[in-house]
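# Structure assessment
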Amino acid sequence: MPLDNAESSTRKYKVVGTRPNRPDGVDKVTGRARFGADAVAPGQLVGLILRSPHAHAKIKSIDASKALKLAGVKAVVTKDDLPDKTDGDAGLYDVLVNVMAREKALYQGHAVAAVAATSAAIAKAALKLINVDYEILPHVTDVDEAMKPNAPLLYPKMITDGVDPKPKKPSNIVRRYEFGHGDVEAGFRQADIVIERSFKTEATHQGYIEPHACLANVGPDGQGELWVCTQGHFMVRDTCARLLGMDFSKLRVTASEIGGGFGGKTTVFIEPVALALSRKANRPVKVVMSREEVFKATGPTSSSSIDVKIGATKDGRIVAGDATLRYQGGAFAGSPVEFGAMTAFAQYDLDNVRAIGFDVVCNRPKQAAYRAPGAPMANFAVESVIEELAHKVGMEPIDFRIKNAAREGTHSSYGPIYGPIGLLPTLQKAREHPHFKAPLGKNQGRGMACGFWFNFGGQSCVSMNIGVDGTVSVTVGSPDIGGSRASMGLMTAEELGIPYEKVRTVIADTGTLGYNDVTDGSRTTFATGMACILAARDAIKKLCARAAQIWGIPEDAVTWENGHAKPAGANAGNHPPMSLKEIAAQAPSTGGPIAGHHEYSADGAGVSFATHICDSEVDPETGFTKILRYTVLQDAGKAVHPSYVEGQFQGGAVQGIGWALNEEYIYGKDGRLQNAGFLDYRIPVCSDLPMIDTVILEIPNPGHPYGVRGVGETSIVPPLAAVANSVSAAVGVRMTETPISPPKLLAALEKQSAMKKAAE
Amino acid sequence: MSSVHVSTTINGDPTDYVCDADETLLDVLRNRLGLTGAKEGCSTGDCGACSVTIDGRLTCSCLVLGAEVDGAKIGTIEGMANGEKLHPLQKKFIEHAALQCGICTPGFLIAAKSLLDHNPKPTETEVRFALAGNLCRCTGYDKIVRAVMDTAAELRRA
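Residues numbered from 1 in each chain as written. Chains lettered and ligands numbered in written order. Predicted model: local features only at pLDDT ≥ 70, side-chain atom pairs only at ≥ 80, totals over all residues.

Moving on, we come to the overall build of chain B. Broken down by element type, chain B carries five helices and five strands. Counting from the amino terminus, chain B carries its helices and strands in the arrangement β-β-α-β-β-β-α-α-α-α. Here chain B has a C-alpha radius of gyration of 16 Å; the compact-globule value for 158 residues is 15 Å, and the two agree. Here the C-alpha coordinates of chain B stretch approximately 50 × 30 × 25 Å along the principal axes. (Helix = DSSP H or I, 4+ residues; strand = E, 2+ residues; numbered from the N terminus. Rg over C-alpha atoms; globule rule 2.2 N^0.38 Å.)

In structure tokens:
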């Protein structure tokens, strides 16, 4: 069915845009909701994983004979139980190596063996009885160090891709990327003012409160089941089945309620191991990570090192932007530096722009996606320079941004020409916002930043069953990570013309629906939501056909309006409208059950922009930064459930504030993580923060029937720069490294006062 | 491992169990008693997802041994609603969209109830400090604070 999207900006909605209670609310406030670790199977064993204490080591041998002799131990698995079945798929091979080390341990926390036993105590004792003989190798954990010619090599044969001519010597640089257009050098020649700075950001963790957990059950007949907290159970099924040599259809994966993911649950870690243990023991095996394991052995984001150079004329027009970005992605290829390079300048309308990215490996856990992966670091660097450049030019930073903002028709820095986009409206609303005019006190500063994220569409499959009582069951395959069941229900109700309360959305297992992509890329409300709308249209066609049958008129003589079938015109006869409920009640005698379906791969995810404003106060004695006020203005296209849109804005902003001020992976010289716990890896707590004000803008996305754009990720892009700009304004020193922790801020203040003294 | 016999009252119900001497109360609740509303987010007392009350006092159940609570009265999220009647905090959390993924929600509700039991008219700052031992990674706390303040106001009116 072709999309009829022209109406999205003028359409009057009945239920979309309201704020009903979420369908899983009662379960979640009563403790009844079942998350990853909450499942139990009869006869289940406890699975635990043995991890490398070394950052880089050759595994000479593994002897599990003593562990196997311990009473209660039912299985031990090593790489030998997960043979390479990846058939030349390099990405899948990396997943295999990451879930169970082979010749080398590539980071502290890398899995080397696993055990299943009848109790946690026995499993713990068994881990201690597994003897691994390591030969310790030199390691590297810093991205700039890893790029040096004499750095220890993770892969002695790795030659950098994307460089012409091909380098002759191996290095830790996986690949070089370049994006942009125009002539950057020529652009800088036109500039009156040029600012060039270098930045560093530390790795952070998504910090979902629920550690990874799964319950695997595989029989000797090659059939299995897996209960798991994940952002994408179809991805888990396909990945695990391929690694274990199972048929996809024989592994049924059920997504539990998920206790946060933010991108960190878009791959597998413990799942193939749990399945291998279960297969070997022929018993159900439950594996639950500890928080320490989550920090050491899942997928934090990249740390980065970035150079930015931007030039402008004295009347405030940016004439050239240039950036070089270096991201380490842990011990495997695939840091999000490509996205960093693509998004760095995406918020500006530039004739001359270039962004070069280097994907680098080092001895850290393999990075995983974290909300707009790769963009926040690049944005921090670029938006810091923009703020400084605006001041140098003598313009208010907001006016400087408005003057150079990307708009409809702009040739984006990463290639495409923008359609209707919402950056300028967020900036204009920001300038009118009371926050922008509020007075500031001593040691206080205001900063702002604009951010961008692409958003994604992808594969969705939705099934919609109409009950004879006129209620509707919507079956989707996208795990609900922040209220999507409510928005699916709202869109279904809107399209069918029935109350929201008559719709129930359930998330089905992998045996029930066709493939659904992972809940990522801010895709679910957009793509799975659009599949719900299209499945509803499919159901409406069938409802109309039933009405036609009842009335004895042709199918094309029936239309659907406000939840009722109606004769299309006077020629169709004089039949009173029939409601969905009335038609559904007659289903058994008019042809049986009525259902709608839609399966597709969605295109047309509209990009999303945001502007953030941050006020902070710095205590010059301690270097502590307090966020005083924070406002998020973002284009949602159409807010389906505004409360959960606001929630995405607020949550992303606060994760970004944590990244800007507190959060970092701290490595010792021994390559070991020194703060693998929530006490020392400090995420923002309630008393750290003010309310997070939000302004939802709705610039319809032409690629969605209601104009919806994804909203989940853009909100984490601007905070690093907005906070850094605010702190820099408060103290008069440009902060170029995150986190802007008290020791770093104090050091910067001391340096500044020493320079002042020297100048006197 | 020697086992310990413990007699407690959980959510008003007399409850006996046998646990290992080194087993946390959280593990007892979750693994022996099937009360999985309390969650393990860290096992170090930093995230508050396992919050319960012991004799009325807000506690991380991961920091207490199952063997320690003999004779105590324990309150968990499973005991918060009165039959089919939700506690006002539970209702307000849903209405205010104060949860996204919901893993931290039981802990927040226990902590918030503990606050309101002791302080029926908290300021925003008092709410923020009372909930500072509970980590939420989804919401940025804004809607949680609003839900608690709104509940307090409603309970004062009642």
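Here the narrative resumes.
To continue, consider the packing of helix H7 (residues 233-244) of chain A against helix H8 (residues 271-281) of chain A. Residues and elements named next belong to chain A. Between H7 and H8, the least distance of the axes is 10 Å, while the angle of their chain directions is 50°. Classified by the angle their axes make, H7 and H8 are oblique. Note on packing geometry: the crossing formed by H7 with H8 is right-handed. Mapping the contact onto sequence places Val 236, Cys 240, Leu 243 and Leu 244 in H7 and Glu 271, Pro 272, Leu 275 and Ala 276 in H8. The residue makeup of the contact of H7 with H8, split by class, is seven nonpolar, no polar and one charged. (Axes fitted to C-alpha atoms, helices over the stretch in contact; angles between N-to-C directions. Parallel < 35°, antiparallel > 145°, perpendicular 65-115°, else oblique. Left-handed = near helix turned anticlockwise from the far one by under 90°. Contact = placed C-beta atoms within 7 Å. Nonpolar A, V, L, I, M, F, W, Y, C, P; charged D, E, K, R; others polar.)

It is a general feature of regular strands that their side chains alternate between the two faces of the sheet. Residues and elements named next belong to chain A. Alternating positions in strand E12 (residues 285-288) separate into two faces, Val 285 and Val 287 on one and Lys 286 and Val 288 on the other, with burial throughout. Two elements, strand E1 (residues 45-51) and E12, share three bridges in a ladder whose sense is parallel. If you follow Val 46 over to E12, its bridge partner there is Lys 286. (Buried ≥ 20, exposed ≤ 12 C-beta atoms within 10 Å, placed from the backbone. Pairing = 2+ DSSP bridges.)

All names here are of chain A. In terms of burial, strand E14 (residues 318-328) is a largely internal element, 11 of the 11 residues being buried. Bridge count between strand E13 (residues 303-312) and E14: 10 bridges; the pairing is antiparallel. Its bridge partner lying in E14, Lys 309 is registered against Asp 322. In this structure, the hairpin formed by E13 and E14 is closed by a connection of five residues, where Gly 316 is found at a positive phi of approximately 90°. Pairing between E14 and strand E15 (residues 353-360): eight bridges, direction parallel.

Residues and elements named next belong to chain A. Omega for the bond connecting Asp 164 with Pro 165 falls within 30 degrees of zero, at 0°, which places this linkage in the cis form. When you line up the elements, Pro 165 lands in the loop between helix H5 (143-147) and strand E7 (173-181). In this model, Thr 738 is joined to Pro 739 through a cis peptide bond whose omega is 0°. Positive phi outside glycine occurs at Asn 282, with the angle close to 55°. Examined against the element boundaries, Asn 282 turns out to sit in the loop between H8 and E12. Overall, the presence of 13 C-beta atoms within 10 Å leaves Asn 282 in the partly exposed class. If you check the backbone angles, Asn 455 has positive phi at about 75° while not being a glycine.

Okay, the sheet that holds strand E8 (residues 193-201) of chain A next. Sheet architecture is open: six strands sit in the order E7-E15-E14-E13-E8-E27 (chain A), paired in mixed fashion. Pairing within the sheet leaves two strands with one partner each, and these edge strands are E7 and strand E27 (737-738) of chain A.

Moving on to the interface of chain B and chain A. Taken together, the contact pairs 43 residues of chain B with 42 residues of chain A. Mapped onto the side of chain B that touches chain A, the elements with two or more residues apiece are helix H2 (88-95), helix H3 (105-118), helix H4 (124-130) and helix H5 (142-157) of chain B. If you tally residues by element for the side of chain B that touches chain A, the top one is H2 of chain B, at four residues. Residue composition of the side of chain B that touches chain A, by class: 23 nonpolar, 11 polar and nine charged.

Residue and element names in this part refer to chain A. With 19 residues, helix H11 (residues 375-393) extends 26 Å from end C-alpha to end C-alpha; this agrees with the ideal 27 Å at 1.5 Å per step. Of all 19 residues that make up H11, 16 are buried, and the element is covered over most of its length. Downstream of H11 by one or two residues, Gly 394 has phi in the positive range, about 90°. (Expected span 1.5 Å × (residues − 1).)

Residue and element names in this part refer to chain A. Pairing is mixed across the open sheet formed by four strands, whose spatial order is E19-E18-E17-E23. The sheet terminates laterally at strand E19 (503-507) and strand E23 (594-602), the two strands that pair on one side only. Taking the axes of each pair of neighbouring strands and ignoring which way they run, one obtains an average angle of 15° across the sheet. Sheet topology places strand E17 (residues 458-466) next to E23; nine bridges connect them, and they run antiparallel.

Take the domain arrangement of chain B next. Many descriptions give the size of an interface as the accessible area lost when the pieces come together. All names here are of chain B. If you check the domain split of chain B, you get domain 1 (3-79) and domain 2 (88-157). Each of domain 1 and domain 2 has a C-alpha centre, and these two points are 22 Å apart. Per-element tally for the side of domain 1 that touches domain 2: the top contributor is strand E3 (residues 51-54), with three residues. Looking at the side of domain 1 that touches domain 2 residue by residue, the classes come out as seven nonpolar, five polar and one charged. (Domains from an automatic or database assignment.)

Once that is clear, we can look at the environment of Ile 740 of chain A. Residue and element names in this part refer to chain A. With respect to the helices and strands, Ile 740 occurs in the loop between E27 and helix H21 (742-759). The sequence separation of Ile 740 and Leu 689 amounts to 51 residues, and the corresponding C-alpha distance is 16 Å. Leaving out residues up to four positions away in the same chain, Ile 740 has contacts with Thr 625, Ala 660, Leu 661, Ala 724, Val 727, Met 735 and Leu 745.

Residue and element names in this part refer to chain B. For the pair H2 and H5, interaxial distance at closest approach is 9 Å and the crossing angle is 135°. Accordingly, the angle class assigned to the pair H2 and H5 is oblique. Regarding H2 and H5, the two cross each other, and that crossing is right-handed. Judged by residue contacts, Pro 88, Leu 89, Lys 92 and Phe 93 of H2 engage Ala 147, Asp 150, Thr 151, Glu 154 and Leu 155 from H5. Among the residues forming the contact of H2 with H5, the class breakdown is five nonpolar, one polar and three charged.

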